[in-house]
Amino acid sequence: MIWNEKAECMSRDDLEEIQLKRLQDVVQRAYQNVPHYHQKFEDIGVFPEDIQTLEDIRKLPFTTKDDLRQVYPFGMFAVPKKDIIEIHTSSGTTGKPVVSGYTQEDIELWSEIMARGLTMMGIDEEDIIQNTHGYGLFTGGFGVHYGAQKMGSTVIPISTGQTRRQIEIMNDFGTTVMIFTPSYGLYLSEVAEEEGFDPTNSQLKAIGFGAEMWTDEMRKEIEKRFGAPAFNIYGLTEIMGPGVAVECQQQKGLHICEDHFYPEIIDSKTSKIMEAGQTGELVLTNLSRQGMPVIRFITKDITRLNYNVCGCGRTLVKMDRITGRSDDMLKVRGVAVFPSQIEKALLKIDGVEPHYQIIVTRPNRLDEMEVQVETSPILFSDEVKEMVAIKNKIGSYIENEIGLRVNVTLVEPKSLPRSEGKAVRVIDKRNLC
Amino acid sequence: MKIKQLSIFLENKKGRLWKALNTLAEGNINIRALSIADTSDFGILRLIVPEPEKAKKLLEENNFVVKTKDVVAIELSDHPGGLSDVLKILNDSDINLEYLYAFVHEKKDKAIVLLRTDNLEQLIDVLDDGGTSLVPPEEVYDL
């Protein structure tokens, strides 16, 4: 089943023609309406009329997450505020998040791409979709919701948590499609077992998972526990949300809706464009977005592109599952965390030196984060209760900064590794790659 | 009447206590009294040694975090009720103890108890008034 056969199966020539037209249009709109881009283009002396071929996109400057942060809140909007009918923000930071704004057409576009994605997974209007992604500023909840509604499926907007209720509903409502993060999926399956509900003996026929790093082993484990095929849904708030790319039933890569999002792969260090099949950092450009078109956004996700025609019949380019990040951002329980945030929190406390280490594990299917901090003479107190209070204080400062509860362990001075260059701040024991 | 006690932070890891004690042994430092306060995450090792400043320096050179705190030593007759009598005196004066630990005075066949509280001056006064026998530092270091 293909949602939009015309768009998803067109020839590469037709596709490139559409891409070029849209690229020229978006560059024009960005130049005219977004001060950040206007300035950037002026600075490097590139103007809309300089985009004559698709390769000319390489003349355009990259956009980073910091660029988007700097114009917080609404500096990237290309339309008057009243035309923005919905706002989302990126996950994780309690500092300045990245704001994403959508016009009516953008919401329709988002619905369209998610409808394509869900259809790709073998879903149709007969399906009952249980959406455990958060409904709120996070794009996961609403994105899936819009796609499901566009298709006419029955969507259960249960959002996150209430795990026992989730199981109950799966059973009572006869859920046919589950949408979750891989780690939550594993947790759900454990609770299901406790509750005596066997997903492999249920109406479940497909799973959509995303918002987190995953491995093939993880996918197979999920498929085994739920007795249904599991497909990756990829997206990012800055560009739109989930649906930018989705896996088809071949499960050999995710189709990018490249008629709306132009993908490039660059070398992380040199920013040189990589050939198809070469691994590098994914760069995405909005081609048709109205409210907040982002040009050449450096996603920091590592992947590669495959332009061969897929067994499913779609000609849209495929990307491999993301195998890593080019920066040190972590995703813990779906929340984006940067070691620099930990550092910031620690430095706010007297006597704490920035010698710390972050250890991320997944002991019981849910992510745990331990922050080891070296005890200094100033920090050390002769009294246990004071030490415990300091431990708790560090914990609450960190929680304030990243929005997540962590375990703080005080360690002896000089016991954490020092390095000549960039310190290895993060030890991720979750085996995600 | 104040005795210098060393407090050493210990990570709850195998071998840490040994490392601290071994460091002192190698520095020829004899431990007079010892106590460990432990939590699931870390421990605080409290020591009375004859040359506290020297010991502190030695431990710090070996990357231990050390603090010096004053404590008071009292001498008790070695019979049941010896300690609870003293604690009654403290309770009656509303003195809140942080911690205490005890050991035996070899030379005199008495029990020695080390006490720590926020206000040591007050503690010393109350103990004096109550007729408790306070042990001078030299005697403690020299046990």
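Refer to the preceding data block for the structure.
Residues numbered from 1 in each chain as written. Chains lettered and ligands numbered in written order. Predicted model: local features only at pLDDT ≥ 70, side-chain atom pairs only at ≥ 80, totals over all residues.

(A) Expanded view of the interface of chain B and chain A. In this complex, chain B contributes 13 residues to the contact, which on the side of chain A involves 16 residues. Mapped by element, the contributors of at least two residues to the side of chain B that touches chain A are β1 (2-11), β3 (42-48) and β4 (66-76) of chain B. Counting residues per element, the side of chain B that touches chain A draws most heavily on β1 of chain B, at three residues. (Contact = placed C-beta atoms within 7 Å. Helix = DSSP H or I, 4+ residues; strand = E, 2+ residues; numbered from the N terminus.)

(B) Here's a closer look at the nonpolar core. By size, the foremost hydrophobic cluster in this structure holds 86 residues, and its most contacted members are Ile207, Val244 and Ile256 of chain A. Looking at this core, the element that brings in the most residues is helix α5 (residues 104-120) of chain A, giving seven residues. Those residues in contact with Ile256 of chain A that sit more than four places away from it in its chain are Val244, Ala245, Phe261, Pro263, Leu316, Val317 and Met319 of chain A. With 57 residues, the next largest nonpolar core counts Ile342 and Val406 of chain A together with Ala33 and Ile74 of chain B among its residues. (Core = buried A, V, L, I, M, F, W, Y, C linked by C-beta atoms within 7 Å. Buried ≥ 20, exposed ≤ 12 C-beta atoms within 10 Å, placed from the backbone.)

(C) Broad picture of helix α10 (residues 339-347) of chain A. All names here are of chain A. Buried within α10 are the following residues: Gln341, Ile342, Ala345 and Leu346. Buried residues of α10, seen end-on, are gathered within an arc of 135° and therefore sit on one face of the element. On its buried face, α10 sits against β17 (335-337), β18 (356-361), β19 (368-374) and α11 (384-402). (Arc of directions from axis to C-beta.)

(D) Quick look at the environment of Tyr356 of chain A. Residues and elements named next belong to chain A. Here Tyr356 lies in strand β18. Residue Tyr356 is classed as buried on the basis of its C-beta count, with 23 C-beta atoms lying within 10 Å. Distance in space between the C-alpha atoms of Tyr356 and Val411 is 9.1 Å, their sequence separation being 55 residues. Residue contacts for Tyr356: discarding those within four places in its chain leaves Ile342, Leu346, Val371, Gln372, Val373 and Leu416.

(E) The environment of Val26 of chain A, seen in detail. Residue and element names in this part refer to chain A. Note that Val26 resides in helix α2 (residues 12-33). Looking at Val26, the number of C-beta atoms within 10 Å reads 24, which means it is buried. The sequence separation of Val26 and Pro293 amounts to 267 residues, and the corresponding C-alpha distance is 6.9 Å. Ignoring anything within four residues of it in the chain, the contact list for Val26 reads Asn286, Leu287 and Pro293.

(F) Representation of the pairing of β19 of chain A. Residue and element names in this part refer to chain A. Where β18 meets β19, six bridges bridge the pair, whose relative direction is antiparallel. In the strand pairing of β19, Ile358 is matched with Val371. Taking the residues that link successive antiparallel strands as the turn, the β18-β19 hairpin has six residues, and the phi of Arg365 there is positive, at about 75°. Pairing of β19 with strand β20 (residues 407-411), which is carried by five bridges, proceeds in the parallel orientation. Each bridged residue has a counterpart across the sheet, and for Glu370 the counterpart in β20 is Asn407. Handedness of the crossover is the feature at issue here: the chain leaves β19, passes through α11, returns alongside β20, and the resulting connection is right-handed. (Pairing = 2+ DSSP bridges. Right-handed = clockwise from strand over helix to strand, strands pointing away.)

(G) The arrangement of the packing of helix α7 (residues 163-173) of chain A against helix α8 (residues 182-195) of chain A in detail. All names here are of chain A. Between α7 and α8, whose axes approach to 9 Å, the crossing angle comes to 70°. By the angle between their axes, α7 is roughly perpendicular relative to α8. Contact with α7, carried on its side by Thr163, Arg164, Gln166 and Ile167, involves Tyr187, Leu188, Val191, Ala192 and Glu195 of α8 and no other residues of that element. Among the residues making up the contact of α7 with α8, the classes are represented as five nonpolar, two polar and two charged. (Axes fitted to C-alpha atoms, helices over the stretch in contact; angles between N-to-C directions. Parallel < 35°, antiparallel > 145°, perpendicular 65-115°, else oblique. Nonpolar A, V, L, I, M, F, W, Y, C, P; charged D, E, K, R; others polar.)

(H) Quick look at the sheet that holds strand β6 (residues 206-210) of chain A. Residue and element names in this part refer to chain A. If you walk across this open sheet you meet the nine strands as β4-β3-β5-β6-β7-β8-β9-β14-β13, and the pairing is mixed. Both edges of this open sheet fall to β4 (154-156) and β13 (305-306), since each of them pairs with a single strand only. By the bridge criterion, three bridges tie strand β7 (residues 230-235) to strand β8 (residues 242-247) in an arrangement that is antiparallel. Each residue of the ladder has a partner; that of Tyr234, found in β8, is Ala245.

(I) Up close: the sheet that holds β18 of chain A. Residue and element names in this part refer to chain A. Reading across from one edge, β20-β19-β18-β21 is the order of the four strands in this open sheet, with mixed pairing throughout. With one partner strand each, in any of the chains shown, β20 and β21 (426-428) form the two edges of the open sheet. Going across the sheet, the axis of each strand differs from the next one's by a mean of 20°, ignoring polarity. Bridge analysis of β18 against β21 gives three bridges, and the strand direction is parallel. For Ile359, the partnering residue across the bridge sits in β21 and is Ile427. On top of the sheet, α10 reaches β18, β19 and β21; it is set at about 130° to β18, its chief contact. Running over the sheet, α11 touches β19 and β20 and is turned about 130° from β20.

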